Amino acid sequence: MDSLVKVHAGGGGYDSDFSDDNEGESSEITLKRKHEEEILQKPFQKDRHSKVAHRSLHCSELDREEARNRRAHLISLNAFERHKKFVADYILYYGGNMADFKRATAKDRTDHDVLRENHRFLWKDEDEEDMTWEKELAKKYYDKLFKEYCIADLSRFKENKFGFRWRTENEVVSGKGQFQCGNKRCENQEGLKSWEVNFAYVEQGEKRNALVKLRLCPELYRI
């Protein structure tokens, strides 16, 4: 036993893999291996041990994705549906009733109402001064009418009241007012006779006169 102790003591004891020399050699091998991995690593290849994203970055990405989805949804809606969504969101967040946002329809006017208010049997130069969009609409309609023969409303002739208007394109094509009687309630085509009469009328509070041509059947021009 004594000799064995001396051998081990004299030899400096057992060698260990965890000695300083082995530590230096292993670290050198590790660095070499790491260097080789860096050389062989592709540009698009990610590290083996990626870092965990911060929570704030995750929340930011979620917010951006939500914003993109919301924007895509709004773009897919038409103008009226988008308006209804904004109104519904306003009521949801700030309170109120849908009736508060209902549009008042008391002053609504159709194109027909605008034409009736701004119509001219004959347009003069002074009528085209200070043109508004309503007057322009009425003038555009007037330019499409055919002004050779008139269509007459003779239903109140006993009161010495007559109504005249110019013909539309469909009436010209069908021959109404030229090859048919010019009275709007008559379709007689026999014995028509042309008349040129003075039409006195009141328009926009102003008295005016115009010579108009009319085609009538015998039952009417004998009145």
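Up top is the structure.
Presented here is an overview of the structure given in this document. None of the values given here were measured: they were computed from a predicted structure.

## Concerning the packing of aromatic side chains
Piece 1. The final tally for this structure, using the stated rule, is 7 aromatic pairs.
Piece 2. Ring geometry for Phe 121 versus Tyr 201: centroids 5.5 Å apart, planes at 65°, classification edge-to-face. In this pair, Phe 121 is assigned in the loop between α5 (111–118) and α6 (133–143) and Tyr 201 in strand β3 (residues 193–203), connecting sequence segments 80 residues apart. Grouping residues by exposure puts Phe 121 and Tyr 201 together as buried.

## Quick notes on the nonpolar core
Piece 1. In terms of nonpolar packing, the biggest core is built from 21 residues, with Phe 121, Cys 150, Phe 164, Trp 166, Cys 181, Val 212 and Leu 220 touching the most fellow members.
Piece 2. Mapped by element, the contributors of at least two residues to this core are α6, β1 (146–153), β2 (163–167), β3 and β4 (206–216).
Piece 3. Among the elements that take part in this core, β4 stands out by supplying 4 residues, more than any other.

## What about the packing of helix α3 (residues 55–76) against helix α4 (residues 79–94)?
Piece 1. One way to put it is that α3 packs onto α4 with a least axis distance of 8 Å and a crossing angle of 130°. Here α3 is positioned oblique relative to α4, judged by the angle of their axes. Taking contact as the criterion, the partners of His 73, Leu 74 and Ile 75 in α3 are, on α4, Arg 82, Lys 85 and Phe 86.
Piece 2. Tallied by class, residues from the contact of α3 with α4 come to 3 nonpolar, 1 polar and 2 charged.

## Digging into α4
Piece 1. An ideal rise of 1.5 Å per residue puts 22 Å on 16 residues; α4 measures up with 22 Å between its terminal C-alpha atoms.
Piece 2. Looking at where α4 begins, the residue whose side-chain oxygen comes 3.2 Å from the main-chain nitrogen of Phe 80 is Asn 78.
Piece 3. Remark: Gly 95 follows α4 within two positions and exhibits a positive phi of approximately 85°.

## Digging into the environment of Val 114
Piece 1. Among the secondary structure elements, Val 114 is positioned in helix α5.
Piece 2. On the basis of relative accessible area, Val 114 is assigned to the buried category, the value being 2%.
Piece 3. Spatially, the C-alpha atoms of Val 114 and Ala 138 are 7.4 Å apart, while their sequence positions differ by 24 residues.
Piece 4. Once residues within four sequence positions are removed from consideration, Val 114 is found in contact with Arg 109, Trp 133, Glu 134 and Leu 137.

## Re unusual backbone geometry
Piece 1. One non-glycine residue with positive phi stands out, namely Asp 130, at about 55°.
Piece 2. The topology assignment puts Asp 130 in the loop between α5 and α6.
Piece 3. Exposure remark for Asp 130: the relative accessible area of 69% places this residue in the exposed category.
Piece 4. Phi is positive for Asn 160, close to 60°, though the residue is something other than glycine.
Piece 5. Mapped onto the elements of the fold, Asn 160 is located in the loop between β1 and β2.
Piece 6. On the accessibility criterion, Asn 160 (62% relative accessible area) is exposed.

Scoring rules and cut-offs
- Residues numbered from 1 in each chain as written.
- Predicted model: local features only at pLDDT ≥ 70, side-chain atom pairs only at ≥ 80, totals over all residues.
- Heavy atoms only, no water.
- Phe/Tyr/Trp six-rings, centres within 6.5 Å; stacked < 30°, edge-to-face > 60°.
- Helix = DSSP H or I, 4+ residues; strand = E, 2+ residues; numbered from the N terminus.
- Buried < 20%, exposed > 50% of the residue type's maximum accessible area, 1.4 Å probe, protein only.
- Core = buried A, V, L, I, M, F, W, Y, C linked by side-chain atoms within 4.5 Å.
- Axes fitted to C-alpha atoms, helices over the stretch in contact; angles between N-to-C directions.
- Parallel < 35°, antiparallel > 145°, perpendicular 65-115°, else oblique.
- Contact = heavy atoms within 4.5 Å.
- Nonpolar A, V, L, I, M, F, W, Y, C, P; charged D, E, K, R; others polar.
- Expected span 1.5 Å × (residues − 1).
- Polar contact = N/O pair within 3.5 Å; in protein donor to acceptor, adjacent residues only side chain to side chain.

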